Amino acid sequence: MTTRQTEKPVIVSDFGDDPDMAELVSEFVSGLPQQIADLQAAFTAGDTETVTRLAHSLAGAGGGYGFRPITDQARIVEMEQRDSASPESIRASIEALADICDRARRGIESNA
C-alpha cells in the first residue's frame, strides 16, 4: 500500500489583486529560490552572521510583498540563529521557510 502525500496549498500575496504590484511580486518570488539557496549555504558553512542577515532581509521583504507567512517564518529563523538554538532546530526552520517560499512560487505560477 502506498501513501499519498497531500500537497500543501499555495501561498498568494496580499497584493495578488493589485495589477500595479503584480510584476514586482512576481520578480520577488522568482528570486526566492536563490535567496533560500544562499541561506542554506550560509547555514551549512556555519556563517551565523550571514544566516541572521539573510533571514532578517527575507522577513522584511516578505511582508513588503504581501507574504506574511514568509515574514513570520524568516523571523523564526532569525531569532533562532540569534538565540543560538540547536543546529537541528535552525535547519528545520530553514526547511520550513524553503517550503513556504516554494508554495509562494507555486502560487504565482498557478495565477499566470
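Residues numbered from 1 in each chain as written. Predicted model: local features only at pLDDT ≥ 70, side-chain atom pairs only at ≥ 80, totals over all residues. Heavy atoms only, no water.

Draft legend 1. Region of interest: the overall build of the protein. If you tally the helices and strands in the protein, you get 5 helices and 0 strands. Going residue by residue from the N terminus, the α and β elements of the protein occur as α-α-α-α-α. Rg of the C-alpha trace for the protein: 15 Å, near the compact-globule value of 13 Å for 112 residues, within the 12% margin. Principal-axis analysis of the C-alpha atoms gives the protein an extent of 45 × 40 × 20 Å. Out of the 112 residues belonging to the protein, those deemed buried represent 36%. Put simply, the protein shows about 7,000 Å² of open surface, and 50% of that area lies on carbon and sulfur atoms. Averaging the locations of the 10 positively and 19 negatively charged side chains of the protein gives two centres separated by 5 Å. (Helix = DSSP H or I, 4+ residues; strand = E, 2+ residues; numbered from the N terminus. Rg over C-alpha atoms; globule rule 2.2 N^0.38 Å. Buried < 20%, exposed > 50% of the residue type's maximum accessible area, 1.4 Å probe, protein only. Areas by Shrake-Rupley, 256 points an atom, 1.4 Å probe, with all protein chains shown as cover. Lys, Arg positive; Asp, Glu negative; His and termini not counted. Charge placed at Lys NZ, Arg CZ, Asp CG, Glu CD.)

Draft legend 2. Geometry of the pattern of salt bridges. Evaluated as defined, the whole model comprises 6 salt bridges. A salt bridge links Arg68 to Asp72, with the nearest nitrogen and oxygen atoms 3.1 Å apart. Within this pair, Arg68 and its partner Asp72 are both found in helix 4 (residues 68–82), separated by 4 residues, close to a single helical turn. As a salt-bridge pair, Glu78 and Arg82 come within 3.0 Å of each other at their nearest N and O atoms. Of this pair, Glu78 and Arg82 both sit in helix 4, 4 residues apart, which is roughly one turn of that helix. Each of Lys8, Asp99 and Arg103 takes part in one network of salt bridges that share partners. (Salt bridge = Lys/Arg side-chain N within 4 Å of Asp/Glu carboxyl O.)

Draft legend 3. How the structure looks around the packing of aromatic side chains. As enumerated under the stated definition, the model contains 2 aromatic pairs in all. Taken together, the ring pairs connect Phe28, Tyr65 and Phe67 into an aromatic cluster. (Phe/Tyr/Trp six-rings, centres within 6.5 Å; stacked < 30°, edge-to-face > 60°.)

Draft legend 4. Region of the structure containing helix 3 (residues 48–64). When the terminal C-alpha atoms of helix 3 are compared, their 24 Å separation across 17 residues agrees well with the 24 Å that a helix rising 1.5 Å per residue should span. In the segment just after helix 3, Gly66 is the residue with positive phi, at about 85 degrees. (Expected span 1.5 Å × (residues − 1).)

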